[in-house]
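Architecture at a glance
One letter stands for each residue in the lines below.
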Amino acid sequence: MKLRRSLTIENKILMAVVGICVLSVLCFGFLMLREGYTSKLTQEREKGEELLAYISWDIRQFGDNVGQDAILAGCAALENDGLVILDGRGARLLGTEQGAALVEEGSVLAEQRDNGFGWRLCYTLDEAAFQSGLVEEQKYAILATIALLIITIQVGVFVSYGISEPVRRLAAACAAIGERPQEASPELIPTDVGGAETRQLADAFRRMLEELRRYNAALAEQKALNENIVQNLPLGVVAYGADGQVLCVNDRASAMLANETFFAAGQTLRLVLERRLTQASVPLEAIRLENGRGDVRVYQIGVWRLGRGSLETQPGTLCTIDDVTYDKIMEEKVGESEKLAYIGKLAAMLAHEIRNPLAGIRASIQVVGRGLERERDRTLCTSVIKEVDRINELIGDLLNLSRKRESHKAVVELKPLLGEVAMLYSKLAGNHGVTMETTAEPGLAIYADEAELKQVLINLVSNGLKAVGQGGRIALRAQGGPGEVLLSVTDDGAGMDREKLRSVERGIASGGTGRYGLAIVSRLLEQNGGEMKILSSPGGGTCIEMRFRRTDTGEKETL
Amino acid sequence: MNKTLLYLIYFAAYSAILLVIGKSSLRDSDSVGKFFMCDRRLPLWRCVCTFVGTWVSAASILSLTGSVYESGLSALMFSVVPWFLGALLMIHVSGKLYATGVTTVPELFRVRYGSKGLQAAFGALLAAVYVLYLVIQIKGFGIVASTLFGIPYSLSILLVYLFILYTSFGGYQSVTRSDAFNLILMIVGLGVLLVIVVARVGSLGGIYSGAAGVTGYAHAGMEYATEAGDLLRPFGQGDFAPLMSISMFFGWGLGLAVNPQYAVRILASRDARSARRMIWISLALLAGIYFTLSSIGLGMRVLIPTVNETLSTDEILTYILNNDLYSTWSGFLLFAIIGACVSTANSQLLLIASSCSCDIVGALWPRPLKESTLVSLSRGAVMAGGTLSLLLALSPPASLLTYGGDVWGVFSVTLLAPVFGTLLWKSTTRTGVCAALGAGLLALAVFYPLYYEGLLPVHPALPGTLISAGALWLGSVLSRKREAEV
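Calculation rules
Residues numbered from 1 in each chain as written. Chains lettered and ligands numbered in written order. Predicted model: local features only at pLDDT ≥ 70, side-chain atom pairs only at ≥ 80, totals over all residues. Heavy atoms only, no water. Helix = DSSP H or I, 4+ residues; strand = E, 2+ residues; numbered from the N terminus. Buried < 20%, exposed > 50% of the residue type's maximum accessible area, 1.4 Å probe, protein only. Contact = heavy atoms within 4.5 Å. Areas by Shrake-Rupley, 256 points an atom, 1.4 Å probe, with all protein chains shown as cover. pLDDT = per-residue confidence, 0-100. Buried area = accessible area lost by both parts, 1.4 Å probe. Salt bridge = Lys/Arg side-chain N within 4 Å of Asp/Glu carboxyl O. Polar contact = N/O pair within 3.5 Å; in protein donor to acceptor, adjacent residues only side chain to side chain. Phe/Tyr/Trp six-rings, centres within 6.5 Å; stacked < 30°, edge-to-face > 60°. Pairing = 2+ DSSP bridges. Axes fitted to C-alpha atoms, helices over the stretch in contact; angles between N-to-C directions. Core = buried A, V, L, I, M, F, W, Y, C linked by side-chain atoms within 4.5 Å. Domains from an automatic or database assignment. Parallel < 35°, antiparallel > 145°, perpendicular 65-115°, else oblique. Nonpolar A, V, L, I, M, F, W, Y, C, P; charged D, E, K, R; others polar. Patch = residues over 30% accessible without salt bridge, like charges linked within 9 Å, V, L, I, M, F, W, Y side chains within 5 Å. Disulfide = S-S within 2.5 Å.

Some points on the overall build of chain A
Looking only at helices and strands, chain A features 13 helices and 16 strands. Across the 559 residues of chain A, 35% fall into the buried class. In chain A, of all internal contacts separated by at least 6 residues, the share reaching a separation of at least 24 is 63%. Accessible surface, chain A: about 33,600 Å² in total, of which carbon and sulfur atoms supply 55%.

Next comes the structure, spelled out in structure tokens:
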């Protein structure tokens, strides 16, 4: 594998070029050396043969006259280490020990036996000295061969680099484009890429990238449009792949799925949705989720299987999430209203029917009571009359609750209204040692029915007076905010614990009369576009906050 | 084995390694940043290797060792001490130099003064000086190759072509890799040689005690004889006389401090801290190398008090290695010297290339040149610079050590004041730099002939550098207001 990776175009060209050139140079060098070797060997042999022929001739010509010793002395005077002379028995007459050893080894370059003394004349070759001499003689050739080899390889390196470099640069550019195709542009392809073929290749790449850029631009535009549509849908949209991975999600859906404070049967919306994805059929009803404070969210889920196009083999799922909380609440309120209206009519009819006999009963007891002598009986009659009055009062409340009085809305300035209510209760408050405070910005106004608003404040102040003890304090405040007015009635009474507060809120929601007339307050506020919030804690008093849309006093005409 | 055959085998092996290094580096040099600086990504050890490899040249190994053999430790006062003092100055400006972010030293003047003319002028100066200095490496290579193969010097210097051009074509990557290899070769070679010398003398202390007693002529070509104790004296005779040695600080020392071959290595470091560390580590390594070289020089003199040949200073080491101290290792040691020559030569060829392509052509060409064109131009400049130096090396200087000091002195006289002024003195102006360059060139023209005639008792770089610095100051002071207004 490593070998295959190293077999790049450059290396292949290099191996081919260098292989051929090196082989040629080596062959040339080898032949040259061999020729030198052969030539030197031939020279040595010829030299030896000539020497031996000369000695033989001397022996033949002068041997008998001068004797063996003189001939040997003459040979010794030649100082030739290669010359070895042996007698007929093989004893060394002349020559070095090394020479005799070479004769024994058979390293004899030339030999002569045909002489008058029967000597064996040998011319030996010391291979090591011969080789060394050869190297010295051939060093220029060897050096030139090595230099030629080096030059050949260097040329091969540059040639292979020169050929492969443009291809490599093109490949590097393509790899870079492959890593970031969205940033592909023709400018990434190098222009100076050597030969005609690589230039053609580069041009073709540039044209392809030009096309790719146009295609990418169109695709990006289409994608942006689609994303824009998905983002701006009034629904949350999530697309899941076959493996459950989220492929696409718009901001609305992200926000809904990110909310993990609302639960349905202990599961967040995300879990509910994921569970539904695995189900064969999807329930049609909306999902109702609640948080710990009793707030409710209602979502309508739609699930579609994606099975077209490229997802044919592995279908995904498209989910829509519609927040229908407001619709559901409104639906419930309408139902509640209708129910209340019916109950109201029934109650009014009933109240009307009860009031008449009650009036009779009261009058009769008053008459009877006057005739009674015993104090105990008179007290009993008075008690019965009080109870009848209380029933009458309850019936009056019931009638008020059920009766829809026609509102007469107008721009109501709050500062005088608060002052008026405070004045109404100033005496009663004074008697209980309660301090009444009013704070309101001058000119702060809302569009409402003044009488109903006054009724609201009276109910709340009345509740406050009941809640605070001797030396307590009740504050009526009106303050403006951006586009809204906050009206509040605060007392520093005992306050309510969580349980009690929840019970009061449930009473208001169910439309009951309750102990504090808060249902009436709630209904009146609703009629006048106000929202109520109760803030209370044990020992910390109670604050009823009411928010209205702000109206300037000059808006009277426009409204 | 036959000595020549053994050397040929070493030659083939050395060539094969450099071929592999050169081939593997070609790919990493397709842009100017990569070709000259490796994109400033070299690890510290490679920076140190190339710094030391470039520093230790033929002048250090052949000439310094030969000078120690001839004249003793006084050669160190003439060369090594100024080099180290110069290196300390270099450390002082390294941070400021690195912060400029330039690729070549002449580019500094274009960046600072917006003058392409100054960049081109300094580029031409650098190219010329390095062509001259390259002669040292080619001569060193030639001496060794001639000794190795017994071939004529004029033929042996041709072999240098096989290595220096090839290793320079791959740019800084190739140069630093071959520098690392050559440095390892050199350290091992010098270590082995020191061991051989110490073993023959008896002990390391024996070298110094023996050197104290050496007398007589070092070789037949010496003009003066060594007296007992001369070899260990800080100052000697001739070039190593006190006044000349001290004034050589202005040649060797300041020339090294401002030398672009080291400045480029500072600029090519990863950051300023790495650059400083590179210099400090290199100086520690160099201290060891110079101790080894001086011990070898003295040890050889103790072993062979007189060489019975007429030799030049630069030939002593190779002659003794190949004769009196010959062993199987000799070829290895001689190739270590060749490695030192190659590693310095290819660095300097690269500087010739950057000066020609980036500083001269790049600055004066009317349009910005493509990176690939600049790289091709650089390779052409490597070829041209190498060939020119080769021709000059046919008649080489007598002593590489004194010649090198003279060439480095050109840098002291012309480049020191402009570079240090630009980096260290905020008031330096373009006019000041021009004045320093002009005055420096004039000083070279006046003082160098006097020096070679023997009429100047100090190195000409001393008055030249002072005149150049004075011109820089005067020019800057006079033109400061005018240039500030511009």
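A look at the confidence of the model for chain B
Averaged over every residue, the pLDDT of chain B is 90; residues scoring 70 or more account for 100%. When mean pLDDT is taken per element in chain B, helix 16 (residues 272-303) of chain B scores highest with 95 and helix 10 (residues 160-169) of chain B scores lowest with 82.

Considering the interface of chain B and chain A
Facing 24 residues of chain B, the contacting portion of chain A comprises 24 residues. Considering only the side of chain B, the residues that lose the most area to chain A are Lys 23, Arg 27 and Leu 162 of chain B, jointly responsible for 27% of the buried surface there. For the pair chain B and chain A, the interface holds one salt bridge. Close ionic contact of Lys 23 of chain B with Glu 10 of chain A constitutes a salt bridge, the shortest N to O distance being 3.9 Å. In this assembly, chain B and chain A are joined by five residue pairs in polar contact (both at pLDDT 80 or more). Where the side of chain B that touches chain A is concerned, the elements lending two or more residues are helix 1 (3-26), helix 10 and helix 19 (371-392) of chain B.

Things to note about the packing of aromatic side chains
Residues and elements named next belong to chain B. Inspection of every chain in the model, using the stated rule, returns 36 aromatic pairs over all chains. When the ring of Trp 83 is compared with that of Tyr 290, the centres are 5.5 Å apart and the planes differ by 40°; the resulting orientation is tilted. Here the residue Trp 83 occupies a position in helix 6 (residues 80-100), and Tyr 290 occupies one in helix 16, the gap between them amounting to 207 residues. The class for Trp 83 is buried, based on a relative accessible area of 3%. Taking the centre distance of 4.3 Å and the plane angle of 20° together, the rings of Phe 109 and Phe 122 count as stacked. Note that Phe 109 is positioned in helix 7 (residues 105-113) and Phe 122 in helix 8 (residues 116-149), a separation of 13 residues in sequence.

Some thoughts on the sheet that holds strand 3 (residues 108-112) of chain A
All names here are of chain A. Spatial strand order, 2-1-4-3: four strands in an open sheet with antiparallel pairing. The open sheet has two edge strands with one neighbour each: strand 2 (92-94) and strand 3. Neighbour-to-neighbour, the strand axes of the sheet open up by a mean angle of 30°, direction not taken into account. Bridge analysis of strand 1 (residues 83-86) against strand 4 (residues 120-124) gives four bridges, and the strand direction is antiparallel. From the neighbouring strand, Leu 86 faces strand 4, where its bridge partner is Arg 120. Contacts between helix 2 (residues 9-77) and the sheet are confined to strand 1, strand 2, strand 3 and strand 4, with strand 3 contributing the most and set at about 35° to the helix. Where helix 3 (residues 97-105) meets the sheet, it contacts strand 1, strand 2, strand 3 and strand 4, and its direction lies at approximately 100° from that of strand 4.

Section: the nonpolar core
Judged by nonpolar contacts, the single largest core of 190 residues is most densely connected at Phe 11, Trp 55, Phe 149 and Leu 159 of chain B. The element contributing the most residues to this core is helix 8 of chain B, with 18 residues. Residue-level mapping places this core at the junction of two domains, with at least three residues from each of domain 1 (3-414) and domain 2 (425-486) of chain B. In this structure, Phe 11 of chain B is in contact with Leu 143, Ile 146 and Ile 150 of chain A together with Phe 149, Leu 159, Leu 162, Phe 163 and Phe 335 of chain B, ignoring residues within four places of it in sequence. Of all hydrophobic cores here, the second largest spans 41 residues; its members include Val 434, Met 436, Val 521 and Ile 544 of chain A.

A look at the pattern of salt bridges
All names here are of chain A. Evaluation of the coordinates by the stated rule reveals 25 salt bridges over all chains. Close ionic contact of Glu 375 with Arg 378 constitutes a salt bridge, the shortest N to O distance being 2.6 Å. Remark: Arg 378 and Glu 375 occur in helix 9 (residues 375-402); sequence separation between them is three residues, near one turn of the helix. Salt-bridge contacts for Glu 420 lead to Lys 454; the nearest nitrogen and oxygen are separated by 2.5 Å. Of this pair, Glu 420 sits in helix 10 (residues 414-431) while Lys 454 sits in helix 11 (residues 450-467), and the two are 34 residues apart along the sequence. Exposure remark for Glu 420: the relative accessible area of 32% places this residue in the partly exposed category. Here Lys 454 falls in the partly exposed class, since its relative accessible area comes to 22%.

Overview of the environment of Met 256 of chain A
Residues and elements named next belong to chain A. Within the secondary structure layout, Met 256 lies in helix 6 (residues 251-258). Since its relative accessible area comes to 10%, Met 256 is described here as buried. Between the C-alpha atoms of Met 256 and Arg 270, which are 14 residues apart in sequence, the distance is 8.4 Å.

Comments concerning the sheet that holds strand 5 (residues 236-240) of chain A
Residue and element names in this part refer to chain A. Sheet architecture is open: five strands sit in the order 6-5-9-8-7, paired in antiparallel fashion. Each having just a single partner strand, strand 6 (246-249) and strand 7 (287-290) make up the two edges of the open sheet. When the angles between neighbouring strand axes are averaged without regard to direction, this sheet yields 25°. Where strand 8 (residues 296-306) lies against strand 9 (residues 316-323), eight bridges are found, and the strand directions are antiparallel. Bridged to Ile 301 within strand 9 is Ile 321. Taken strand by strand, helix 6 contacts strand 5, strand 6, strand 8 and strand 9, and its axis lies near 85° from that of strand 5.

As for the packing of helix 3 (residues 44-55) of chain B against helix 11 (residues 171-201) of chain B
Residues and elements named next belong to chain B. As a packed pair, helix 3 and helix 11 sit with axes 8 Å apart at the nearest point and diverge in direction by 75°. The angle between helix 3 and helix 11 falls in the class roughly perpendicular. Here Trp 45, Arg 46, Cys 49, Thr 50, Val 52, Gly 53 and Thr 54 of helix 3 come into contact with helix 11, specifically with Tyr 172, Gln 173, Val 175, Thr 176, Arg 177, Asp 179, Ala 180 and Leu 183. A breakdown of the residues in the contact of helix 3 with helix 11 according to their chemical character gives seven nonpolar, five polar and three charged.

Details of helix 7 of chain B
Residues and elements named next belong to chain B. By the burial criterion, the buried members of helix 7 are Val 105, Pro 106, Glu 107, Leu 108, Phe 109 and Tyr 113. In this structure, the buried side of helix 7 is in contact with helix 6, helix 8, helix 15 (260-267), helix 18 (330-364), helix 20 (400-424) and helix 21 (430-452). Just past helix 7, the residue Gly 114 takes up positive phi, approximately 65°.

A look at the side chain of Ser 60 of chain B
On the secondary structure map, Ser 60 of chain B appears in helix 4 (residues 58-71). A distance of 2.7 Å separates polar atoms of two side chains, one belonging to Ser 60 of chain B and the other to Tyr 290 of chain B.

Concerning a nonpolar patch on the surface
Residue and element names in this part refer to chain B. On the surface, Leu 132, Leu 388, Leu 391, Leu 392 and Leu 394 cluster together into a nonpolar patch covering about 440 Å² of accessible area. At three residues, helix 19 tops the list of elements feeding residues into the nonpolar patch. Relative to the helices and strands, Leu 391 resides in helix 19. Taking relative accessible area as the criterion, Leu 391 reaches 53% and is therefore assigned exposed.

Notes on the state of the cysteines
Applying the stated criterion across every chain yields a total of zero disulfides over all chains. Free cysteine Cys 356 of chain B: the closest other cysteine sulfur is in Cys 358 of chain B, separated by 10.0 Å.

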